[in-house]
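Read off the chains here:
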Amino acid sequence: MKIDSAARIDLLARYKSRLQSGQAAVREHYLSDPDPARLLHERCQLIDEVLRELWKELCFPESLALVAVGGFGRGELYPASDVDLLLLLPESPDASLTELLEQLVGLFWDIGLEIGHSVRTVEECLGEAAGDLTVQTALVEARLLTGDETLFARFTSEFRNRLDPQAFFHAKRMEQDERYMRFQESPYSLEPNCKESPGGLRDLQSILWIAQAAGFGNSWQDLERHGFITHDEAKGLERCEGFLQRLRIQLHLHVGRREDRLLFDYQTALAKQLGFEATPTRRASEQLMQEYYRTAKTVTQLNTILLQNMGTAIFPLPEQAPQTINERFQNTHQLLDVIDENVFNETPAAILEAFLLMQQHPELKGMTARTIRALWRARNLIDDDFRQNPENKARFIEIFKQPRGVLHEFRRMNQFDILGRYLPNFGAIVGQMQHDLFHAYTVDQHTMQVLRNLRRFSESEFGHEYPFCSQLISEFDRPWLLYIAALFHDIAKGRGGGHSELGAVDAQEFCASHGLCAEDSELVVWLVLQHLVMSSVAQKQDISDPDVLGAFAATVMDERHLTALYLFSVADIRGTSPKVWNSWKGQLLEQLFNQTRRLLRSGSQAPVTQGIIQERQEEAMRLLRYFAVPEKAHERLWNQLDTVYFLRHSAEEIAWHARALHYRTDSKQPVVKARINPHGDGLEVMAYTLDQHDLFARLVGFFSRAGYNIMDAKIHTTRNGYALDSFMLHDVSGRDSDRDMINYIEHELTDRLTRQAPPEAPASGRISRQVKHFPIQPQVTIQPLVTLQPDEKGLLFVLSISASDRPGLLYTVAMTLAARGANLHTAKIATLGERIEDTFLISGGDLDKSSSRIKLETQLLDQLKC
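None of these values were measured; they are calculated from a predicted model.

Chemist: Help me get a handle on the overall build of the protein chain, residues and values and all.
Modeler: Scanning the protein chain from N- to C-terminus turns up 39 helices and 17 strands. Reported as C-alpha extents along the three principal axes, the dimensions of the protein chain are approximately 100 × 80 × 55 Å. Taking contacts inside the protein chain between residues at least 6 apart in sequence as the whole, the part at least 24 apart equals 72%. Carbon and sulfur atoms form 49% of the exposed surface of the protein chain, whose accessible area is close to 37,200 Å². Side chains of the protein chain carry 94 positive and 117 negative charges; the gap between the two charge centres is 4 Å.

Written out as structure tokens, the structure reads:
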């Protein structure tokens, strides 16, 4: 019936009050006695009652039906979940009924319900469901709230008759695969989505949707009765579901809206609300997240078992005798199957054999559910006696050596807790978070990412990604040693102390225990100990400096160690986070590798400075002749440059500078040239101008406002008082093409330098959530550069800065250096996710005095803390 204005106001007031008081009561009941299943049921029951009473009070025609669908139909309503409704009609509505339905939907919203609704006839519902998996899924859980029972029965009967369990199973499996892909196929993101991520609530819901579509029931007990899971597995699913439900409820209550991401902003508060307490070594949030990851691991495992078992029932396979592999295992429909479910209890060594067989038999596409279940139950058989068994040790090493399946089987071993049982120290890092501002995964998942990257180097289908790495690993004898090093390189994270040193001790014990020869053991242990060295040298030191190159060559000792460390460094950096790796870092590592290999092959302990300069000048002149630059045109510029310039620049850069400046060495007008980085992404910019106060700060501000980060800077002052500065820039604004920016940079920067405009601070921006919640203590050190002979300008000093990244940080450093009168010679800018580790070569500003260095360190620390 239609209601007048006064009646509507009264109606709204009554039902809004009823809803608010009811929801407050549900919330208070939960907070006083946290029972997630009860809250979901009580909120659902409250909404049921409100909707039925409202429907009845408005006197809707008896021929209509009000139906709950989706999560509401399932009987689960989280604090911030939508209320999904279907207004089911026997036939298309006339104008009067349409108006009444619109009035009803408006009332739903006005009393405070966030609804998702549809108005359909039975035929319209069936038609939409036929081509839409989302609609099918929602209708699977349809539940009559009020109205015509006959109409609803006709709808459910026809829907069930048309629903194809096989097609529905296929579609839901594809949907899950696509969802997993969106989350990098890992539950172990540091900010997972407790609903959608692998191992989240959606994995559990998908199982029950498929079960309902196939007629297997709608609960874990139903699936147990059908024999798809054991009693213990059903109880395990209930526990996992209860934890995830409570976590999602608490998240909704804490945020006050629909939010399913476990963001850093919420983790600490949620941990406290859920009863986790900090210890001297671990945050409460870390304990919460480790519990989440363990739950997600169990969910993904049971999801695999259930989908496989239900799939077998939905798609009956033709009778086919299993193919015997050996006395313990058989091939059943291309799945590894145990001949006897007690095989692991009777022969514990078969645990590792199962994974080895998966590698050795490419026809096997996976494991049967009973094999997975038996492996899971057998994990506790891996004890000290198992670990000391020579047969098991040999088999574990064989898994590393196989030509295929290394990554898949180590992931599988980690999934089933086999790896953590065999290597207890690895078990300690499973699900362990890393709050270092650049790792995006837990420690164990980062380890698997590194192993993945190393394996991809050796697989032909990925040869296009990093062809140089693929070439190197194809020529590297016994690459499986790199995989062992990958397993141990971060195994000591979280123990306190240097994880590289502690991990090397673990690696040494492993290699000795597993019978590796002295040469192979030395390489593995050395890699674990030194796995950070190459990236540190490439990103923080001047790799054109002969002394730096000589010291690094002494560390790697020979070409085999160099190749191993290079491959490992690329795999490690790429495995931290998608944000950390870029072409500039790849270029630095490759340059360091090539220069060091050349030095090692020469037999020299360090490059000869004069020989390097002569070689670079000759190559630069060859390039100048190629561009038809007059024979001696370069001399005017080169006569103003000292040896340091030629050591810090490549022959290609030297030639580029000479082409641009050979006829303008005394120009009063600034010269700015930009080009696409010839070795990778981004731009290379050169600025040549009479030296100016605050020049570096002005350049930093300009580039930042243009949307670029400085990756590398080489600052040089010529003998005739000109600044010759070169920069490698990386776009952070997301533009499509750097080429379009070349003219802008050349014109605008020339104009600013000509006018000697004051420094412009970069545009302000927000500090990332990760930095906000997990800041790191900034560190600043200034040390004399004792490996390089002092030039005529005085001693050089290395300024090292480590801090949380934030907008304008480099500009702040530049302004501070300028205020102290310090001269900048080079800058190595290393951004690791949300953390920076920058290194500057500086002089002047009374830095030869210890008191001046302390003052500068203190001033920089104060600025970085702001």
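Chemist: Could you give an account of the pairing of strand β1 (residues 65-68), with specific residues and numbers?
Modeler: Of the two faces of β1, the one carrying Ala65 and Val67 and the one carrying Leu66 and Ala68 are both buried. Two elements, β1 and strand β4 (residues 143-147), share four bridges in a ladder whose sense is antiparallel. Each residue of the ladder has a partner; that of alanine 65, found in β4, is glycine 147. Across four bridges, the pairing between β1 and strand β2 (residues 83-89) is antiparallel. What sits directly across from alanine 68, in β2, is leucine 85.

Chemist: Tell me about the packing of helix α8 (residues 165-182) against helix α9 (residues 201-214), residues and numbers included.
Modeler: Following both chains from N to C, one finds α8 and α9 inclined at 170 degrees, their axes separated by 9 Å at the closest point. Our classification of the angle between α8 and α9 gives roughly antiparallel. Where α8 approaches α9, its residues Pro165, Phe168, Phe169, Lys172, Gln176, Arg179 and Tyr180 are matched on the opposing element by Arg202, Asp203, Ser206, Trp209, Ile210, Ala213 and Ala214.

Chemist: So what's going on with the nonpolar core? Which residues, and what values?
Modeler: Core analysis: the biggest nonpolar cluster contains 168 residues, and Leu223, Phe396 and Phe410 have the highest contact counts within it. Among residues more than four places away in sequence, those in contact with phenylalanine 396 are Leu352, Phe410, Met413, Leu419, Tyr422, Leu423, Leu487, Phe510 and His514. Grouped together as the second largest cluster of nonpolar side chains are 48 residues, Ile715, Ile782, Ala827 and Phe840 included.

Chemist: Help me get a handle on the sheet that holds β1, residues and values and all.
Modeler: Within the open sheet, the four strands sit side by side as β3-β2-β1-β4. Their pairing is mixed. Where the open sheet ends on each side, the last strands, each with one partner, are β3 (115-121) and β4. Recorded for the sheet is a direction-independent mean angle of 25 degrees between the axes of neighbouring strands. The strands touched by helix α5 (residues 122-130) within the sheet are β2 and β3, with β3 carrying the most contacts at an inclination of about 110 degrees.

Chemist: Tell me about the sheet that holds strand β5 (residues 323-324), and please be specific about residues and values.
Modeler: The sheet built from four strands is open, its strands ordered β5-β6-β7-β8 with mixed pairing. The open sheet terminates on both sides in strands that have one partner only, identified here as β5 and β8 (366-367). Packing of helix α16 (residues 369-378) onto the sheet brings it into contact with β6 (329-332), β7 (335-338) and β8, and relative to β7 it is tilted by some 60 degrees.

Chemist: Quick rundown of helix α4 (residues 95-110)? Include the residues and the values.
Modeler: In a regular helix each residue adds 1.5 Å, so 16 residues correspond to 22 Å; α4 covers 22 Å between its end C-alpha atoms and thus fits that length. Among the residues of α4, those classed as buried are Leu97, Leu100, Leu101, Gln103, Leu104, Val105, Leu107 and Phe108. Just downstream of α4 lies glycine 112, where phi reads positive at about 110 degrees.

Chemist: I'd like a description of the packing of aromatic side chains, backed by residues and values.
Modeler: Applying the stated criterion to the full structure yields 27 aromatic pairs. On the basis of an interplanar angle of 65 degrees and a centroid distance of 5.6 Å, the ring pair of phenylalanine 169 and phenylalanine 315 is categorised as edge-to-face. Highlighted residues: phenylalanine 169 in helix α8 and phenylalanine 315 in the loop between α13 (284-314) and β5, separated in sequence by 146 residues. On the basis of relative accessibility, which here comes to 6%, the residue phenylalanine 169 falls in the buried class. For phenylalanine 315, a relative accessible area of 22% puts it in the partly exposed group. Measuring from centroid to centroid gives 6.0 Å for phenylalanine 396 and phenylalanine 510, while their planes differ by 70 degrees, and the two rings are edge-to-face. Linking phenylalanine 396 in helix α18 (residues 390-401) with phenylalanine 510 in helix α25 (residues 499-513), this pair joins segments that are 114 residues apart in sequence. You'll find phenylalanine 396 and phenylalanine 510 in the same group, each marked buried. Taken together, the aromatic side chains of Phe386, Phe396, Phe400, Phe410, Tyr422, Phe488 and Phe510 make up a single cluster linked through ring pairs. Taking the ring centre of tyrosine 78 as reference, the NZ or CZ of arginine 248 above it sits at 4.3 Å. Between the NZ or CZ atom of arginine 659 and the centre of the ring of phenylalanine 627, over which it lies, the distance is 3.8 Å.

Chemist: A description of the side chain of serine 521 should follow, citing residues and the corresponding values.
Modeler: Inspection of the secondary structure puts serine 521 in helix α26 (residues 518-530). Serine 521 gets classed as buried once you look at its relative accessible area, which sits at 7%. A polar atom in the side chain of serine 521 sits 3.3 Å from the backbone oxygen of leucine 516. Ignoring any residue separated from it by four or fewer positions in sequence, one finds serine 521 in contact with Cys511 and Leu516.

Chemist: Go over the pattern of salt bridges, please, and point to the residues and values.
Modeler: Using the criterion set out here, one finds 54 salt bridges in the structure. Here arginine 735 and aspartate 731 are joined by a salt bridge, their closest N and O atoms 2.9 Å apart. The class of arginine 735 is partly exposed, set by a relative accessible area of 26%. On the basis of relative accessibility, which here comes to 15%, the residue aspartate 731 falls in the buried class. It is possible to trace a salt-bridge network through shared partners that takes in Asp337, Glu341, Arg370 and Arg377.

Chemist: Residues and numbers for the pairing of strand β11 (residues 708-717), please.
Modeler: Burial analysis of β11 places eight of its 10 residues in the buried class, the great majority of the element. Pairing between β11 and strand β12 (residues 722-731): nine bridges, direction antiparallel. Across the sheet, residue aspartate 712 finds its bridge partner in β12, namely methionine 728. Adjacent in sequence and paired antiparallel, β11 and β12 are bridged by four residues, among which glycine 721 carries a positive phi angle near 85 degrees. Where β11 and strand β15 (residues 822-828) come together, three bridges link them in antiparallel fashion. Considered in β15, the bridge of aspartate 712 is made with lysine 828.

Analysis parameters
Residues numbered from 1 in each chain as written. Predicted model: local features only at pLDDT ≥ 70, side-chain atom pairs only at ≥ 80, totals over all residues. Heavy atoms only, no water. Helix = DSSP H or I, 4+ residues; strand = E, 2+ residues; numbered from the N terminus. Contact = heavy atoms within 4.5 Å. Areas by Shrake-Rupley, 256 points an atom, 1.4 Å probe, with all protein chains shown as cover. Lys, Arg positive; Asp, Glu negative; His and termini not counted. Charge placed at Lys NZ, Arg CZ, Asp CG, Glu CD. Buried < 20%, exposed > 50% of the residue type's maximum accessible area, 1.4 Å probe, protein only. Pairing = 2+ DSSP bridges. Axes fitted to C-alpha atoms, helices over the stretch in contact; angles between N-to-C directions. Parallel < 35°, antiparallel > 145°, perpendicular 65-115°, else oblique. Core = buried A, V, L, I, M, F, W, Y, C linked by side-chain atoms within 4.5 Å. Expected span 1.5 Å × (residues − 1). Phe/Tyr/Trp six-rings, centres within 6.5 Å; stacked < 30°, edge-to-face > 60°. Lys NZ or Arg CZ within 6 Å of the ring centre and 35° of its normal. Polar contact = N/O pair within 3.5 Å; in protein donor to acceptor, adjacent residues only side chain to side chain. Salt bridge = Lys/Arg side-chain N within 4 Å of Asp/Glu carboxyl O.

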